[in-house]
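# Architecture and fold: a report
Here are the chains, one letter per residue:
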Amino acid sequence: MEKKLFLLDAYALIYRAYFAFSNNHRINSKGLNTSAIFGFTNTLLDVIRKERPTHIAVVFDTSTPTVRHEQYPAYKATREEMPEDLRKSIPYIIKLIEGFNIPVLFADGYEADDVIATLAVKAEKEGYTTYMMTPDKDFGQVVTDRILIYKPARLGNAAEILGVAEVCKRFEISEPKQVIDILGLMGDKVDNIPGIPGVGEKTAIQLIKDFGSIENMLAETSKLKGKLKEKVENNREMAILSKQLATILLDAPVEFEDEKFRICEPNKELLRDLFNDLEFRALAQKILGEPLQEADASVSSTGNEAGQMDLFGSSAAVQIEKEIIDAPITFATIATTAHTYHIADSDEKINELIGHLLNAPEFAFDTETTSLDAHQAELVSASFSWKEHDAWFVPFPEERMQAQALADRFRQVFENEKSLKIGQNLKYDITVLKNYGIRVKGNYFDTMVAHFLINPEMRHNMDVLSETYLKYSPISIEELIGKKGKGQLSMREVPLQLLADYSAEDADVTYRLKNLFVPMLEKTGMQKLFDEIEIPLIDVLADMEREGINLSTESLSQLSAELGNLITDVESLIQKDAGTSFNVSSPKQVGDILFEILRIDEKPKKTKTGQYATSEDVLAKLVNKHPIVNRILDYRELQKLKNTYVDTLPELINPNTKRIHTSYNQVVVVTGRLSSDNPNLQNIPIRTEKGREVRKAFIPRDIEHVLLSADYSQIELRIIAELSKDPGMIEAFVKGQDIHAATASKVYNVPLEEVTSDMRRNAKMVNFGIVYGISAFGLSERLNIPRKEAASIIDSYFTKYPGVKEYMDKSIDSARKLGYVETIMGRKRHLRDINSGNATVRGFAERNAINAPIQGSAADMIKIAMINIHRELNNGSYRSRMLLQVHDELVFDVYHSEVDKLRAMVEDKMKNAITMSVPIEVGIGTGHTWLEAH
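Residues numbered from 1 in each chain as written. Predicted model: local features only at pLDDT ≥ 70, side-chain atom pairs only at ≥ 80, totals over all residues. Heavy atoms only, no water.

### Digging into the overall build of the protein
What counts is decided by this rule: The way it works is that DSSP assigns letters per residue, a run of H or I at least four long becomes a helix, a run of E at least two long becomes a strand, and they are numbered from the N terminus. Note on method: radius of gyration uses C-alpha positions; expected globular size equals 2.2 Å times residues raised to 0.38. Note on classification: 1.4 Å probe, protein chains only; a residue is buried when its accessible area is under 20% of the maximum for its type, exposed when over 50%, partly exposed between these limits. Any two residues whose heavy atoms approach within 4.5 Å are treated as being in contact. Per-residue and other accessible areas were derived by the Shrake-Rupley procedure at a 1.4 Å probe size, with only the shown protein chains allowed to occlude residues. Counting rule applied: Lys, Arg positive; Asp, Glu negative; His and chain ends not counted. Charge positions are represented by NZ for Lys, CZ for Arg, CG for Asp and CD for Glu.
The helix and strand inventory of the protein stands at 39 helices and 23 strands. What you see for the protein is a C-alpha radius of gyration of 31 Å, in line with the 30 Å of a compact globule of 934 residues. Projected onto the principal axes, the alpha-carbon positions of the protein cover approximately 100 × 80 × 55 Å. In the protein, which comprises 934 residues, the share counted as buried stands at 54%. Within the protein, contacts between residues at least 6 apart in sequence are counted, and of these 69% link residues at least 24 apart. Surface exposure of the protein reaches about 40,700 Å², of which carbon and sulfur atoms provide 49%. Positive and negative side-chain charges of the protein, numbering 113 and 137 respectively, have mean locations separated by a distance of 4 Å.

What follows is the structure, encoded as C-alpha cells:
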C-alpha cells in the first residue's frame, strides 16, 4: 500500500475558506461567523475521502519572530491584521482538527512552510509520497518526484497536483529550486520581500532562463542592458537578501513519526459537542452518521482535548487570542419533553378537532405530503397546534376522493378569516391546499419569514430554529423515512404513530417559535415590514407560482437545433483559425492555441495554477487581436444557452398543467430581493441577441391573452438620487434626460448634444459601478482605458455629483456607529465587519453599507407594487393574472379586452409603490412572446 502523507498549510487554507464566504458569511445564532470553520471542515473532509491519505497533519504558523525577521525586520510587516471573525474561529478549528485525531504542529522561530518542507524531506527518506496541501506557489521550490503540491478544489475546479514537470512549466525553469531565484527577483508583496524594484514575474523568469540563478546573473551583469542593468546593479544586496527570505528552510525542529501521523477514526464525542456548539447539523449527520440530538449528556469535552487546546491555544509562542468555547448543548427531544399529541382518526375526533379550531383565535398547522413539488403534492396528513406541547394529527387516506372529502371538512377552518394561521414556510402548505380547492384566508404568521427579518444571515429551516431558540431537537426526517437512496420510504409508508409524532411535533414547534418571534419582531423594528410587505407577499407568490407560464417547446426545439448548427459552424471556424483541431471547451487548450501557437498577446495573463487565463473578461480585451477570440466567446455563449436553458427548460414543465412553475424564495437574499429556482428566472440571459431568443419560448396561455411586461427604468439610479438628494442627479431625472448622457455631459464638461457614444458608455459604467465600490483600476479594466483616465472620470463624477459622495460617506459612518444600514422602508442589513481592522474585510462591509439600502429599497418597491397589483387583480374581477417577477420586471397574462385597463393600473401601482421626490418610470410592452413584450 502506498504511504501517502498529507501536510496541510493551516492558515493558507483557513484564510481561503474564510474569504470564499466573503459575500455571504455563515453566522450562527450566537453571532459567531462560522465561515472559516465550515469551509476548512469541508476541505479536510474532501481530502480525506477523495485522496485517502495514510498519514496526515495540520501545520500552523506561530507569532514568534523567525530568522527572516532577524535578517530583514520589515519582513511581513505589511500584512494586514487578521480579521476579527477569523481570529475567533482559530480555537474552534484547532479543536476540530483534534476531533479528527489529527496532530496539530508548529515550531517557534519557523514558519509553517519550513515545518511542512522539513517533514516532507524526512518522510521522503522513509519512502512516503508527501502532498503539501496549500495554494501557496512558494512551495514549488521543494517539489521532487515524491514531494508534491496539492492545491485543493475551488470554484468548481478539481484539485490540482503539481510535481516537478508542472512547477517547471509554470515558472519556465529547468529545476524546482529555481523558484527561489524567481521569487527573490520579483519579490513578494504579501510577505514584504522587496526583490529588485521594477522586476516583475515575466522579467524574473527571463533572467533565470538566461542566467540560471541570481548569483550567476550578478556575476555577469555586463550582459544586461539599459535600465534593467542599472536596477540589478543598484540592488545586488537586496536581490541576495530577497532570495534568502524566499528560501524555505529544511531544518525546523520537528520529527516525522509514523504512528503519530497515521490517520485514524475521529473522536465522535468531541466532534458531536463541537458541531452542536457551531450548529453544523448537516455536517454532523454526514460525519457522525447520527442526528445531533443524540448527544450524550454524560460526555464531557474537557480532559485530554482541553489539554491539547491549552498546549497550542494558550502557548506564549503562538499567542492566539483564545475564544471561550461554550459548554456543549444537550437538546430536549420528544422523548424527554412532556407533550400531548392526539390522533384524529375517527369522525368523532375530527369533529372535536374542527370545533376547537373554529373557536381558536390562532393555530399553527403543518402538512405532510408525497412531494416537495407543492403543485404535484398529495396530502398524507395535517397537524394543528394552538397550545404549547399540545397538537392534533389528522391522517389522510390515499384514495383521492376520500382525501378530498376529508379536506372539504376542514375547508371552514382554513377559510375562516377570523383566525390567525401560523406556519413554517406557509407558501408551501397554502399551495398544497389549493390542490384540494381550499384557499387559506385570514391573517398569517410565517416563522421562517419572521426569522429572516430578525436574523437574515442565519439559516431559517425549522430544525435550526427549534434547536437555536427552543433548545429542542425535532425528530429528523431520516429517522422517519431513512437516508436518501433506494431504501428510502415514502411518507405513506411511515408507521402511523411515528408519522403522528413527527407531524404533530412540527405544528407544536412552529406554534412555540411563533410565540418567541412576536416580541423579537417588535424589538428589532421589523414588525411593520413583516405585516405590510413580507406576509402579504406570501399569497401573491403562491398565486403566481400556481399560475405558472406557458412554454413553447416547439420554439425551444427549433432554437436548440439552430444553436446546435451554430455551435458546429463556429467550432469549425475556430479550428480553421487555429490551423489545428483542439477541444474548444477546454480553457487550457484554448490558452495554448491563443498564446503559444497564435501568440496573439505578448504578455498573456496566467491563472494562479499557471494556465493561461481565458476567462470572458480576459478574452473581451483581446477581441481586436484576432478573429478567433470573438468566435471563442460566441462559442461559449451558444454552448451555455443550449445546455443551461434551451435544452433544460422543457424538462421543468409540469406534466399536469403543462406550464412552467418557478418557485420564489423570500428568505435567501439578505438585501430582500426575491430569488427563484426550477427554473432560476433571474439568470435567463437578456444581454445578447441569442440569449434574448430564449424569451421567445415564453408565451400567453391561449389566443385570448397576450403577455404584458412592466419594467422599472433605471430604478437603482433613481433610488441613489433619492437617497443622496444630489440636485444634479435629481434634475436629470425630473427633466426626463438620458441619465448616462447627462452624467457624461457633466463629467466631460461638454454640452449634452455633444456627448459621444464612448462618453456615454463610460458614464454608464460609472453610474452603475460607483456605489458598488468600483475603483480606478476596476473601471480601467472594464472600459479598457488607462487607469489615470479612469481615476480622472471618477474624480470628476464626485465633483459634479457631490451629494452621491456625501451619501456614500454618511452611509459608512452611520454603519460604523449603528452596525447596520436601512432601506427606505426600514429593512436592516447588519454589517458585523464594518469596523474590522482588516482592510479587505472592512472594504466588503463598506461597499455593502453603500449598496444595501439601494438594492433593498428596490426590492421593497417591487414587492409593494406586486402586493397592490395582486390586490387590485383580485378585487377588480380581472381575468388577467400576474405570472413572473424577474429583477425589476413583472410579467402578466392579459386578457385582450383588459390590456389598456391593466396597463394603466400596473403603471400606477409600480410608480407609486414608495413615495419619492425622484420620478419613477415604468416601461410597459405587450406581445405574443415575452421577448416581444419586453
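Additional details are given in the paragraphs that follow.
### Focus on the packing of aromatic side chains
To keep things clear, this is the line we draw: For this analysis, a ring pair means two rings from Phe, Tyr or Trp (six-membered ring only for Trp) whose centres lie within 6.5 Å, classed as stacked if their planes differ by under 30 degrees, edge-to-face if by over 60, and tilted for the remaining angles. Charges are assigned to positions over rings by a cutoff of 6 Å between ring centre and Lys NZ or Arg CZ, combined with an angular limit of 35 degrees from the ring normal.
On inspection of all chains with the given rule, the structure shows 21 aromatic pairs. Judged by centre distance (6.1 Å) and plane angle (40 degrees), the rings of phenylalanine 275 and phenylalanine 280 are tilted. Per residue, the accessibility class of phenylalanine 275 equals that of phenylalanine 280, and both read buried. Aromatic rings pair up to connect Phe363, Phe365, Phe384, Phe410 and Phe414 into one cluster. Taking NZ or CZ as reference, lysine 3 lies 4.5 Å from the ring centre of tyrosine 128, over its face. Lying over the aromatic face of tyrosine 472, arginine 512 brings its terminal NZ or CZ to 5.0 Å of the ring centre.

### Some details on the side chain of lysine 421
Heads up, the condition is: Just to be clear on terms, a salt bridge is a Lys or Arg side-chain nitrogen sitting within 4 Å of an Asp or Glu carboxyl oxygen. Residues adjacent in sequence count toward polar contacts only when both atoms are side-chain atoms; beyond that, a polar contact is any pair of N or O atoms within 3.5 Å, and within protein one must be able to donate a hydrogen and the other to accept it.
Mapped onto the secondary structure, lysine 421 falls in strand E11 (residues 420–423). Despite being buried, lysine 421 has no salt bridge partner; glutamate 417 is the closest side chain of opposite charge, sitting 8.6 Å away. Side-chain polar atoms of lysine 421 contact the side chain of serine 419, separated by 2.9 Å. If we skip the residues at most four places from it in the chain, lysine 421 touches Phe363, Phe365, Val413, Phe414, Asn416, Leu426, Val440, Lys441, Gly442, Asn443, Tyr444 and Phe445.

### Here's the deal with the packing of helix H35 (residues 787–800) against helix H36 (residues 802–818)
This is how it is decided: Geometry is summarised by axes, namely lines fitted to C-alpha atoms with helices restricted to the contacting stretch, and by angles between N-to-C directions that run from 0 to 180 degrees. Working definition: roughly parallel below 35 degrees, roughly antiparallel above 145 degrees, roughly perpendicular at 65 to 115 degrees, and oblique for all remaining angles. Throughout, the ten residues Ala, Val, Leu, Ile, Met, Phe, Trp, Tyr, Cys and Pro are labelled nonpolar, Asp, Glu, Lys and Arg are labelled charged, and all others, Gly among them, are labelled polar.
Interaxial distance between H35 and H36 falls to 4 Å at its minimum, and their mutual angle equals 95 degrees. With respect to H36, the element H35 is oriented roughly perpendicular. Packed against H35, whose contacting residues are Tyr797, Phe798, Thr799 and Lys800, the element H36 presents Pro802, Val804, Lys805 and Met808 at the interface. For the contact of H35 with H36, the class distribution of residues is five nonpolar, one polar and two charged.

### With respect to the environment of alanine 377
Locating alanine 377 in the fold gives a position in the loop between strand E8 (362–369) and strand E9 (379–387). Contact partners of alanine 377, with chain neighbours within four places excluded, come to Thr369, Thr370, Ser371, Tyr428, Val432 and Asn435.

### A few points about helix H2 (residues 35–51)
To keep it simple, the criterion reads: Given the number of residues in a helix, its expected span is that number minus one, multiplied by 1.5 Å.
Counted at 1.5 Å a residue, the expected span for H2 with its 17 residues is 24 Å, and the 24 Å between its end C-alpha atoms agrees. The buried fraction of H2 is high, at 12 of 17 residues. Along H2, the positions that sit buried rather than exposed are Ser35, Ala36, Ile37, Phe38, Gly39, Phe40, Thr41, Thr43, Leu44, Leu45, Val47 and Glu51.

### Some words on the nonpolar core
General note: in soluble globular proteins, nonpolar side chains tend to be found buried as a group. Spelled out, the test is: Each nonpolar core is a collection of buried residues, namely Ala, Val, Leu, Ile, Met, Phe, Trp, Tyr and Cys, held together in the definition by side-chain atoms within 4.5 Å.
Core analysis: the largest hydrophobic core is formed by 191 residues, its most contacted members being Phe384, Phe410, Tyr712 and Met866. No other element matches helix H37 (residues 839–875), which puts 14 residues into this core. In this structure, Ala123, Met217, Leu224 and Ala239 belong to the second largest nonpolar core, which totals 55 residues.

### What about the sheet that holds strand E13 (residues 549–551)?
Quick note on the threshold: Here, any two strands with at least 2 DSSP bridges between them count as paired.
The three strands are arranged E14-E13-E17 in an open sheet whose pairing can be described as antiparallel. The open sheet has two edge strands with one neighbour each: strand E14 (659–660) and strand E17 (698–699). In this sheet, E17 lies alongside E13 in antiparallel orientation, the contact comprising two bridges. Residue pairing in the sheet places asparagine 550 in a bridge with isoleucine 699 of E17.

### Section: the sheet that holds strand E22 (residues 889–895)
Reading across the sheet, the four strands line up as E21-E22-E18-E23 and stay open at both edges, with antiparallel pairing between neighbours. This sheet does not close on itself; its edge strands, each paired only once, are strand E21 (881–886) and strand E23 (922–927). Pairs of neighbouring strands in the sheet enclose a mean axial angle of 20 degrees, with direction left out of account. Of the pairings in the sheet, the one linking strand E18 (residues 705–712) to E23 comprises six bridges and is antiparallel in character.

### A word on the pattern of salt bridges
When the charged atoms of two side chains lie near each other, side chains of opposite charge can form a pair. Using the criterion set out here, one finds 49 salt bridges in the structure. For glutamate 704, the salt bridge identified is with arginine 879, shortest N-O distance 3.8 Å. Of this pair, glutamate 704 sits in the loop between E17 and E18 while arginine 879 is found in the loop between H37 and E21, placing the two residues 175 residues apart along the sequence. For arginine 879, a relative accessible area of 48% puts it in the partly exposed group. Put simply, Glu534, Arg827, Asp860 and Lys863 are held in one network by salt bridges that share partners.

### What to know about empty space enclosed by the protein
Filter applied, for reference: Buried and open spaces are told apart on a 1 Å grid over the protein atoms alone, a cavity being a set of points where a 1.4 Å probe fits but cannot get out and a pocket being an open set with protein on both sides within 12 Å along at least five of seven lines. Residues with an atom within 4 Å of a point are the lining residues. Grid points are joined across faces, edges and corners, and a volume is the space filled by probe spheres set on the points.
Within this structure, the stated rule accounts for seven cavities of 30 Å³ or more. Of all elements in the fold, only helix H1 (10–20), strand E20 (828–830) and H37 reach the threshold of two or more residues within the lining of the largest cavity. Broken down by element, the lining of the largest cavity gets its largest block of residues, four residues, from H37. The residue makeup of the lining of the largest cavity, split by class, is six nonpolar, six polar and four charged.

### With respect to helix H17 (residues 400–409)
Here is the rule we go by: What the arc measures is the spread of directions leading from the helix axis to the C-beta atoms.
Listed in full, the buried residues belonging to H17 are Ala403, Leu406 and Ala407. The buried residues of H17 occupy one face: seen down the axis, they fall within an arc of 100 degrees. Summarising the contacts, the buried residues of H17 are in contact with helix H16 (347–359), strand E10 (390–395) and helix H18 (411–414). Structurally, the start of H17 carries an N-cap: the backbone nitrogen of methionine 401 is 3.1 Å from a side-chain oxygen of glutamate 399.

### Comments concerning the packing of helix H20 (residues 447–454) against helix H23 (residues 496–523)
Selection rule: The handedness criterion is simple: a crossing whose near helix is rotated anticlockwise from the far helix by less than a right angle is left-handed, and one whose near helix is rotated clockwise is right-handed.
One can describe the packing of H20 onto H23 by two numbers: an axis separation of 10 Å at closest approach and a directional angle of 35 degrees. Considering the relative orientation of H20 and H23, their crossing is left-handed. Within the contact between the two elements, H20 uses Thr447, Ala450, His451, Leu453 and Ile454 and H23 uses Thr510, Leu513, Lys514, Phe517, Met520 and Leu521. Its residues assigned to classes, the contact of H20 with H23 comprises seven nonpolar, three polar and one charged.

### Here we look at unusual backbone geometry
In this structure, proline 679 follows asparagine 678 across a cis peptide bond, with omega equal to 0 degrees. Here asparagine 101, not a glycine, exhibits a phi torsion of approximately 55 degrees, which is positive. Looking at the secondary structure, you find asparagine 101 in the loop between helix H4 (84–99) and strand E3 (104–105). On the accessibility criterion, asparagine 101 (35% relative accessible area) is partly exposed. Here the phi dihedral of lysine 471 falls at roughly 55 degrees; this positive angle occurs in a residue that is not glycine.

### A word on the side chain of glutamate 889
Note on placement: glutamate 889 falls in strand E22. In this structure the side chain of glutamate 889 is engaged in a polar contact, spanning 2.9 Å, whose partner is the side chain of histidine 934. Aside from chain neighbours lying at most four places away, what touches glutamate 889 is Arg695, Ser709, Ala710, Asp711, Ile862, Leu884, Trp930 and His934.

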